[in-house]
Amino acid sequence: MGKSLRKQLKSAFTLAELLITLAIIGIIAALTIPTLIQNYQERAWQTASEVFERKLEESLKVMNSQATLAGYRTTADFVDELSKHMKINKICSNDEITTCFADKVYWGEENEEIDMTKIKTASNFGIDTWGTETVGIQFANGVTGVVAYNPDCRQDPFSNQITGTDCIAMLYDVSGYKAPNTSNKDLYALNVSRLGKLCALEFN
């Protein structure tokens, strides 16, 4: 019996060995869990973007079929009609966009900080010929957006194949006011070629 008991004691973990094992597990978890969380978050943002764009496209198709997609002089008039087809909690005028949208976002490969109070017209989206002001929107699903409408938008009464790229330009954030407010993370764009001030001279 004595020899058997000694064998059992020898095969057991000591407290020091157990603590070292737990410490190693803790270090591995600390290194891997943030990456797993980040990957999950990025997938969640991408999924939210896909769902939002699908709902927007469906709403624009319905507007097209009802002949209410075109013919607006201002972005505000267009957004009023859009609110009949998508659940919108709040619409913010051009002078109060940041009551509907984050005041700063980070855009482009270098994450340039953009002051959203200066995004006043479609030209700030790279749409030089539209000549319309931007409007802020808070959707019921938590997405926030800044949109500009094209008064020259055309609709085909015989087809519903409208995605909106000829009618609207939109910057939208699937996480609303929450960080990081950064492009290709929670910040996405439709028909936006630039964001910010126009340059005096530009190269392609």
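See the structure above.
This write-up is about the structure you can find in this document. This one's a predicted model, so the numbers in the text were calculated from it and none came from an experiment. The residue count restarts for each chain, going from 1 along the sequence in the order it is written. Only residues with pLDDT of 70 or above have their local features reported here, since the model is predicted, and side-chain atom pairs are shown and tallied only from 80 upward, although totals for entire chains, interfaces and linings are computed over all residues. In computing side-chain values, all of the structure's heavy atoms are included and hydrogens and water are not.

Things to note about the sheet that holds strand E1 (residues 88–92)
A sheet is described by the order of its strands in space; here five strands give the open sequence E1-E4-E5-E6-E7, paired in antiparallel fashion. Taken across any chain shown, the strands that pair with only one partner, and hence form the sheet edges, are E1 and strand E7 (187–190). On average, each strand axis in the sheet is tilted by 20° relative to the strand beside it, whichever way the strands run. Examined bridge by bridge, strand E5 (residues 144–149) and strand E6 (residues 168–173) share six bridges and lie antiparallel to one another. Residue pairing in the sheet places Ala148 in a bridge with Ala169 of E6. The strands that helix H3 (residues 75–82) touches are E1, strand E4 (135–139), E5 and E6; relative to E5, the one it contacts most, it runs at about 125°. We call two strands paired when DSSP finds no fewer than two bridges between them. Secondary structure elements follow DSSP: runs of H or I of four or more residues count as helices, runs of E of two or more count as strands, with numbering from the N terminus. Axis definition: a line fit to C-alpha positions, over the contact stretch in the case of helices; interaxial angles, taken between N-to-C directions, run 0 to 180 degrees. Here a residue-residue contact requires only that any non-hydrogen atoms of the pair lie within 4.5 Å.

As for the pattern of salt bridges
What counts as a salt bridge is simple: a side-chain nitrogen of Lys or Arg found within 4 Å of a carboxyl oxygen of Asp or Glu. This model, assessed by the stated rule, comprises four salt bridges. In this structure, the salt-bridge partner of Lys120 is Asp95, at a minimum N-O distance of 3.7 Å. Of the two residues, Lys120 sits in the loop between strand E3 (112–115) and E4 while Asp95 sits in the loop between E1 and strand E2 (104–107), which places them 25 residues apart along the sequence. A relative accessible area of 29% means that Lys120 is categorised as partly exposed. Of the charged contacts, one joins Arg194 and Asp128 as a salt bridge, the two residues approaching to 3.5 Å between their closest N and O atoms. With Arg194 in the segment after E7 and Asp128 in the loop between E3 and E4, the pair connects residues that are 66 residues apart, well separated along the chain. The buried label goes to any residue with under 20% of its type's maximum accessible area, the exposed label to any with over 50%, and the partly exposed label to all in between, with areas taken from a 1.4 Å probe on protein chains only. Judged by relative accessible area, Asp128 falls into the exposed class, the value being 51%.

Quick word on the packing of aromatic side chains
Only Phe, Tyr and Trp rings take part, Trp by its six-membered ring, and two of them pair if their centres are within 6.5 Å. Stacked means planes under 30 degrees apart, edge-to-face means over 60, and tilted covers everything else. For the structure shown, the criterion picks out six aromatic pairs. With 5.7 Å between their ring centres and 75° between their planes, Tyr72 and Tyr149 make a pair best called edge-to-face. Highlighted residues: Tyr72 in the loop between helix H2 (15–65) and H3 and Tyr149 in strand E5, separated in sequence by 77 residues. Of the residues examined, Tyr72 reaches a relative accessible area of 15% and is grouped as buried. Ring centres of Phe78 and Tyr149 lie 4.7 Å apart, and the angle between their planes is 15°; this geometry places the pair in the stacked category. Taken together, the residues span a long stretch of sequence, with Phe78 in helix H3 and Tyr149 in strand E5 at a distance of 71 residues. For the pair formed by Phe78 and Tyr149, the shared burial category is buried.

Some points on the nonpolar core
Nonpolar core, defined: a set of buried Ala, Val, Leu, Ile, Met, Phe, Trp, Tyr and Cys residues in which side-chain atoms within 4.5 Å join the residues together. In terms of nonpolar packing, the biggest core is built from 26 residues, with Phe52, Leu56, Phe78, Phe139, Ile168, Met170 and Tyr172 touching the most fellow members. Contributing elements (two or more residues each) for this core: H2, H3, E4, E5, E6 and E7. Leaving out residues up to four positions away in the same chain, Phe139 has contacts with Phe52, Met86, Lys87, Ile88, Asn89 and Met170. Counting 19 residues, the second largest nonpolar core, distinct from the first, contains Ala102, Phe125, Trp130 and Ala169.

Re the environment of Ala44
Mapped onto the elements, Ala44 comes out in helix H2. With a relative accessible area of 30%, Ala44 lands in the partly exposed category. Measuring from C-alpha to C-alpha, the distance between Ala44 and Lys185 comes to 9.7 Å, with 141 residues separating the pair along the chain.

Quick notes on the pairing of E3
Here E2 pairs with E3 via four bridges, running antiparallel. Each bridged residue has a counterpart across the sheet, and for Lys104 the counterpart in E3 is Asp115. Between E2 and E3, which pair antiparallel and follow one another directly, the connecting turn spans four residues, one of which, Gly108, has a positive phi of 90°.

Observations concerning unusual backbone geometry
The general pattern is negative phi for most residues beyond glycine and trans for most peptide bonds. That bond from Ala179 to Pro180 is cis: its omega, 15°, falls within 30 degrees of zero. Inspection of the secondary structure assignment puts Pro180 in the loop between E6 and E7. With a phi close to 50°, Asn111 is a non-glycine residue in the positive phi region. Summarising the element assignment, Asn111 is placed in the loop between E2 and E3. Using a relative accessible area of 39% as the deciding quantity, one classes Asn111 as partly exposed. Despite not being glycine, Asn184 has its phi angle at roughly 65°, a positive value. Residue placement: Asn184 occurs in the loop between E6 and E7. Owing to a relative accessible area of 69%, Asn184 belongs among the exposed residues under this scheme.

Note that all results are geometric; they support no functional claim without further evidence.
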